[in-house]
Amino acid sequence: MNEIEKISQEFCHEMGIEVKLSYYMPIEYETAYGTYDVTTNTLFLNAAILQDAPRYEWLFYLFHELRHAMQYLCPMLFDWRIRESMGYVVLYNGSCYKLVENEWQECVLSGDDDYFTRAYMSLPYEIDANTFAYEKARELCGDSAELQALLNFWVPKDSFYYGEHRKLFRRIDEELSAKGKES
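Attention in this report is confined to the structure presented alongside it. (Residues numbered from 1 in each chain as written. Predicted model: local features only at pLDDT ≥ 70, side-chain atom pairs only at ≥ 80, totals over all residues. Heavy atoms only, no water.)

### Looking at the overall build of the protein chain
Helices and strands together make up the secondary structure of the protein chain, namely 8 helices and 6 strands. Along its sequence from the N terminus, the protein chain presents helices and strands in the succession α-β-β-β-α-α-α-β-β-β-α-α-α-α. Principal axes of the C-alpha set define a box for the protein chain whose edges measure 50 × 35 × 30 Å. When burial is assessed residue by residue, the protein chain has 46% of its 183 residues classed as buried. (Helix = DSSP H or I, 4+ residues; strand = E, 2+ residues; numbered from the N terminus. Buried < 20%, exposed > 50% of the residue type's maximum accessible area, 1.4 Å probe, protein only.)

Structure below.
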């Protein structure tokens, strides 16, 4: 884990950001490889899952989450689609979140798991983070069929166009608004 910490510190220093690093995943993220929580400015890497992973793989997930930290902490560096979409999280099962005043509001939408999987995987900030992670891991480990396969796994072949994401964001907004009226 020393290499992870060293790479993370060097990257943060180079980018002019500060991010906490934790190897203990938050509740409901125990099966994820990693996550970045903007509300606590913490990058979580799942040490249990990644402990036996090849170097290129844990570097991929480290740089993926570091890119998310950059997206939140330096939004001016990214295009409007990434900035707009960063306020929303869509999970495979229809659980959706919207960031409001540094707190995540949750709702659950009905629909097909394949739809939500495609929505998640083709979010502009996810595609950006996956592409960035691939490039950084490739710089440090060299290119390989395995690294390319990892990227291909996370980048959808049948991606949403951004208008579809905007419709989904409106559904989330409407659901949260209706939920707020019930309270």
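### Quick look at the side chain of Glu 57
Here Glu 57 lies in helix α3 (residues 55-73). Of the side chains bearing the opposite charge, Arg 55 lies closest to the buried Glu 57, which forms no salt bridge; the N-O distance is 13 Å. Contacts of Glu 57, omitting those with residues within four sequence positions, involve Tyr 33 and Leu 150. (Lys, Arg positive; Asp, Glu negative; His and termini not counted. Salt bridge = Lys/Arg side-chain N within 4 Å of Asp/Glu carboxyl O. Contact = heavy atoms within 4.5 Å.)

### Quick notes on α3
For α3, spanning 19 residues, the distance from its first C-alpha to its last is 27 Å, which sits close to the expected 27 Å at 1.5 Å a residue. For α3, a buried count of 17 out of 19 residues is recorded, marking the element as mostly surrounded by other parts of the structure. (Expected span 1.5 Å × (residues − 1).)

### A word on the sheet that holds strand β4 (residues 88-90)
Read from one edge of the open sheet, 3 strands run β4-β5-β6, paired in antiparallel fashion. On the outer flanks of this sheet lie β4 and β6 (103-108), each paired with one strand and no other. Sheet twist, expressed as the average angle between the axes of neighbouring strands with direction ignored, equals 20°. In this structure, β4 lies alongside strand β5 (residues 95-100), joined through 3 bridges in antiparallel fashion. Paired with Val 90 across the bridge in β5 is Cys 96. (Pairing = 2+ DSSP bridges. Axes fitted to C-alpha atoms, helices over the stretch in contact; angles between N-to-C directions.)

### Observations concerning the sheet that holds strand β1 (residues 20-22)
Read across the open sheet, the 3 strands follow the order β1-β3-β2; overall the sheet is mixed. For this open sheet the edge positions go to β1 and β2 (34-37), each flanked by a neighbour on one side alone. In this sheet, neighbouring strand axes are inclined to one another by 15° on average, regardless of whether the strands run parallel or antiparallel. Two elements, β2 and strand β3 (residues 42-45), share 4 bridges in a ladder whose sense is antiparallel. Bridging across to β3, Thr 35 finds its partner in Phe 44. Here α3 sits on the sheet in contact with β2 and β3, set at roughly 15° to β2.

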